[in-house]
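So you can see what is in the structure, the chains are spelled out below.
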Amino acid sequence: MTTIVSFVSLKPALLQDLRRAIPDLDFRYLGDGGGRKDRRENHKEGRGESQEEAVSQADIIFGWSPLVERVLRQGRTDEQGKAAQGKARQGKADEQGTAGEQGKVGPGNPPLKWIQTWSAGVDYLPLDLLKELDIVVTTSSGANAPSIAQQTLACLLSWTRCLPQLAQAQARKEWITLHGYGEATGKTLLILGTGHIGRTLASYCLALGMRVVGANWSGHPQPPFERTISIQDADSLQAAVASADFVVNALPLTQETYHLADEGFLGWMKASAYYVNVGRGKTTDTEALRLALEEGRLAGAALDVFEEEPLPAVSPLWGTRNLIITPHTAGLAEDYNRRTVAIFLENWASLQAGHGLRRNLVDFRRQY
Ligand SMILES: NC(=O)C1=CN([C@@H]2O[C@H](COP(=O)(O)OP(=O)(O)OC[C@H]3O[C@@H](n4cnc5c(N)ncnc54)[C@H](O)[C@@H]3O)[C@@H](O)[C@H]2O)C=CC1
Ligand SMILES: O=C(O)C(=O)[C@H](O)COP(=O)(O)O
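Analysis parameters
Residues numbered from 1 in each chain as written. Chains lettered and ligands numbered in written order. Predicted model: local features only at pLDDT ≥ 70, side-chain atom pairs only at ≥ 80, totals over all residues. Heavy atoms only, no water. Helix = DSSP H or I, 4+ residues; strand = E, 2+ residues; numbered from the N terminus. Polar contact = N/O pair within 3.5 Å; in protein donor to acceptor, adjacent residues only side chain to side chain. Contact = heavy atoms within 4.5 Å. Domains from an automatic or database assignment. Buried area = accessible area lost by both parts, 1.4 Å probe. Salt bridge = Lys/Arg side-chain N within 4 Å of Asp/Glu carboxyl O. Pairing = 2+ DSSP bridges. Axes fitted to C-alpha atoms, helices over the stretch in contact; angles between N-to-C directions. Core = buried A, V, L, I, M, F, W, Y, C linked by side-chain atoms within 4.5 Å. Buried < 20%, exposed > 50% of the residue type's maximum accessible area, 1.4 Å probe, protein only.

Chemist: Pulling in residues and values, what's your account of the side chain of Asp245?
Modeler: If you trace the backbone, Asp245 turns up in the loop between α8 (234-243) and β9 (246-249). At a separation of 2.7 Å, a polar atom in the side chain of Asp245 contacts the main-chain amide nitrogen of Thr188. Here Lys270 takes part through its side chain, which lies 2.9 Å from a polar atom of the side chain of Asp245. Among residues more than four places away in sequence, those in contact with Asp245 are Lys187, Thr188, Lys270, Ala273 and Tyr274.

Chemist: Can you explain the domain arrangement of the protein? Please cite residues and give values.
Modeler: Frequently, the measure chosen for interface size is the accessible area that the parts lose on association. Domain annotation of the protein identifies domain 1 (3-76 + 108-142 + 334-353) and domain 2 (145-325). When each unit is reduced to the centre of its C-alpha atoms, the spacing between domain 1 and domain 2 is 33 Å. Between domain 1 and domain 2, the residue contacts involve 7 residues of the former and 7 residues of the latter. Interface area for domain 1 against domain 2, summed over the two sides, is near 610 Å², with a carbon-plus-sulfur share of 43%. At the junction of domain 1 with domain 2, the criterion picks out 1 salt bridge. Asp123 is the partner of Arg280 in a salt bridge, and the nearest nitrogen-oxygen pair spans 2.8 Å. Counting the contacts that link domain 1 with domain 2 gives 3 residue pairs in polar contact (both at pLDDT 80 or more).

Chemist: Can you tell me about the sheet that holds strand β5 (residues 136-138), naming the residues and giving the values?
Modeler: What the 5 strands build is an open sheet, ordered β2-β1-β3-β4-β5; its pairing is parallel. Taken across any chain shown, the strands that pair with only one partner, and hence form the sheet edges, are β2 (25-29) and β5. Looking at each pair of strands side by side, their axes are set apart by 20° on average, direction ignored. The sheet contact formed by strand β3 (residues 60-62) and strand β4 (residues 114-116) spans 3 bridges and is parallel. Note on β4: the bridge partner recorded for Phe62 is Gln116.

Chemist: Let's hear about the nonpolar core: which residues, and what values?
Modeler: With 30 residues, the main nonpolar core has Leu190, Leu192, Phe265 and Tyr275 as its most contacted residues. Secondary structure elements with two or more residues in this core: β6 (188-192), β7 (211-216), α8, α9 (263-268), α10 (286-294) and β11 (300-303). Among the elements that line this core, the one with the most residues is α10, at 4 residues. Ile197, Leu201, Met210 and Phe225 belong to the second-largest nonpolar core, a separate cluster that totals 25 residues.

Chemist: Outline the pattern of salt bridges, supporting the account with residue identities and numerical values.
Modeler: Counted by the stated rule, this structure contains 14 salt bridges. Among the charged side chains, a network of salt bridges with common partners joins Asp335, Arg338 and Arg339.

Chemist: Please provide a residue-by-residue account of the environment of Gln151, values included.
Modeler: In this fold, Gln151 is placed in helix α5 (residues 145-160). Judged by relative accessible area, Gln151 falls into the partly exposed class, the value being 22%. Along the chain, Gln151 and Asn347 lie 196 residues apart, while their C-alpha atoms are 29 Å from each other. Setting aside residues no more than four positions away along its own chain, Gln151 makes contact with Asp304, Thr326, Thr329 and Ala330.

So, in structure tokens, the structure goes:
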């Protein structure tokens with residue numbers, strides 16, 4: 001029996017796909033946990049212990065819930081307790097010259113081996129604990145790359161065609177004359193992160209005749225980027241930021257990327273340039289961005305992700321000039337579950353063939 005405990009509701013057709021691939025599947029849906037940590041406690045209400053039991057019997061988890069962490073930590077504590085007891089018994093047995101139970105793990109220890117997240121980012125997971133427990137994590141990275149890239153492109157195009165100003169003029173019933181209508185063609189785009197989102201956006205923008213530069217950790221070449229730089233190379237990064245008409249941040253949140261776009265970084269940008277963050281809120285010093293926008297040191301920005309989510313009603317960002325705010329919705333797309341299940345099934349097939357998990361495996365050292 002293979003037990004999948006899911007915090008994501010799947011349509012019958014997708015469940016059928018899973019059952020076809022895993023004939024001994026025991027699929028247990030525990031209510032929507034969603035992807036992000038802050039949204040996850042809902043499913044737990046009123047269900048009590050049976051939920052914890054279900055998690056403690058899972059081989060595989062779909063999505064995430066803080067409940068999983070609690071069960072894993074409890075399992076680890078129980079195991080440590082048993083090991084300590086076993087050691088004490090072993091000591092006694094040694095004294096008595098009989099066999100002890102040292103190292104035996106009881107049935108309460110969760111069998112969990114694999115978490116398939118319903119998100120690309122894994123910054124909300126207790127990665128150290130999962131690593132310690134030898135639980136592998138695969139992500140849905142790629143499943144929403146088209147929607148994120150398309151939303152980003154929509155922002156870029158709406159800026160070049162002055163759509164925000166025209167929408168405001170329309171609300172005032174004003175037939176306005178504007179200067180500064182441009183085209184994306186020929187403009188320079190710097191994309192931070194050459195992963196699924198970065199590559200998809202790069203391909204769209206290359207098709208529009210834009211110049212596209214990618215930034216990743218090592219600076220390794222990455223098609224379809226014409227050129228890539230290393231984020232560690234401060235001079236190259238500064239030069240790339242300074243010559244970009246648009247900077248798009250599609251980075252995971254890790255120790256290295258926290259506040260990467262800080263006051264200094266934003267200060268390198270041209271006053272006519274635009275900044276987009278579709279990665280994670282904490283990779284950007286949002287207050288520095290807000291000031292740059294208010295003081296006209298940047299032409300505009302679009303944020304889909306925030307340092308605090310949901311963005312509090314009192315946040316000054318809501319009223320910041322030339323800022324497009326979307327409530328972490330760039331990744332929402334109708335095909336998301338189907339694509340994520342396909343990623344999971346590809347890995348499942350690879351595992352059955354003895355090749356292990358190959359797609360979207362989280363590298364605990366890199367934190368993504
Ligand atoms: N706004 C939204 O709804 C969504 C946000 N995201 C965020 O976007 C991130 C990227 O998503 P994908 O492109 O699917 O991930 P991916 O794993 O395909 O790509 C991540 C890329 O980031 C780059 N990278 C990682 N650490 C770096 C560092 N320290 N310096 C420079 N580059 C570094 C690497 O080039 C890597 O290829 C996710 O981790 C997630 O946090 C992802 C999906 C939806
Ligand atoms: O994939 C990610 O990473 C995201 O940020 C998703 O698009 C949204 O994830 P949740 O809303 O499921 O946390």
